[in-house]
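# Reading the structure
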Amino acid sequence: MSEAKETANEILVQLLQRAVDGVDKAVEFSQAQIPDVVEQLLMWKALESCIYALVGLLMVAISVAVWRYGTSLAKMAKKAKEEDEDWVWLTPEVRCSTSMKYDFCVSPVPKIISGLIAFIGFMVSTNVMTAIQIWVAPKLYLLEYATSLVK
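To keep things clear, this report deals only with the structure shown in the data block. (Residues numbered from 1 in each chain as written. Predicted model: local features only at pLDDT ≥ 70, side-chain atom pairs only at ≥ 80, totals over all residues. Heavy atoms only, no water.)

The next subject is the side chain of Ser114. Within the element layout of this structure, Ser114 appears in helix α2 (residues 109-125). A relative accessible area of 4% means that Ser114 is categorised as buried. Not counting chain neighbours up to four residues away, the residues in contact with Ser114 comprise Ser63, Val64, Val66 and Trp67. (Helix = DSSP H or I, 4+ residues; strand = E, 2+ residues; numbered from the N terminus. Buried < 20%, exposed > 50% of the residue type's maximum accessible area, 1.4 Å probe, protein only. Contact = heavy atoms within 4.5 Å.)

All told, the structure shown has 1 salt bridge when counted by the stated rule. Residue Lys45 pairs with Glu48 through a salt bridge whose shortest N-O separation is 3.6 Å. Here Lys45 pairs with Glu48, and both are found in helix α1 (residues 2-82), just 3 residues apart, close to one helical turn. Glu48 gets classed as partly exposed once you look at its relative accessible area, which sits at 26%. (Salt bridge = Lys/Arg side-chain N within 4 Å of Asp/Glu carboxyl O.)

Attention shifts here to the packing of helix α3 (residues 128-136) against helix α4 (residues 138-150). Relative orientation of the contacting elements α3 and α4 amounts to 125 degrees, with a least axis distance of 5 Å. As far as their axial angle goes, α4 and α3 are oblique. Counting all contacts with α3, which are made through Thr130, Gln133, Ile134, Trp135 and Val136, the residues of α4 involved are Pro138, Leu140, Tyr141 and Glu144. Within the contact of α3 with α4, the residues separate by chemical class into 6 nonpolar, 2 polar and 1 charged. (Axes fitted to C-alpha atoms, helices over the stretch in contact; angles between N-to-C directions. Parallel < 35°, antiparallel > 145°, perpendicular 65-115°, else oblique. Nonpolar A, V, L, I, M, F, W, Y, C, P; charged D, E, K, R; others polar.)

This part is about the environment of Ala65. Structurally, the position occupied by Ala65 is in helix α1. Residue classification places Ala65 among the partly exposed residues on the basis of a relative accessible area of 46%. Sequence spacing of Ala65 and Pro110 is 45 residues, and the spatial spacing of their C-alpha atoms is 9.7 Å.

What follows is the structure in C-alpha cells.
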C-alpha cells in the first residue's frame, strides 16, 4: 500500500512539474510575443484610421462635385428661363425644360444629396485623429485602447 502511495505521489509530482513547466513556457512565449503584437495592433489601427479618413475625404470630394452639378443645372435653368423656354413642372420642386435646346430637369435634390454626402464624409474623416494619436503618442493610445477593452 505504501508503494502505491509513493507511486501516486511521484506521478502527482511529475504532473505538477509538467504543469509548472508548461505555464513557464507559456509566460516566456507571451513575453517574447507582446512587442510584436503591440506593434501590429498599432499599425493596424493606424491603417484603419487612415482608410476611414481617405473614404471620408473622397465622400466630401464627391459631394462637392454633386453640388457643382446642381449649381450648373440651376444656371442653365436661369438662362433657359430668360430665353422664355417652356417648362413642365413634374412636382412643386422639380421642373423640366421642354425645348430640345435645354433637355434637362432642375431639382433641389442634388444639393440635398450633396449635403448629406458631405456630412457623412466629414463624420467618417474625423477618424484621422486616431492615426495622428498613434503617430504622436502611441503609449497613450495603447492605454486608452486597453481602457476601452476593460469597459
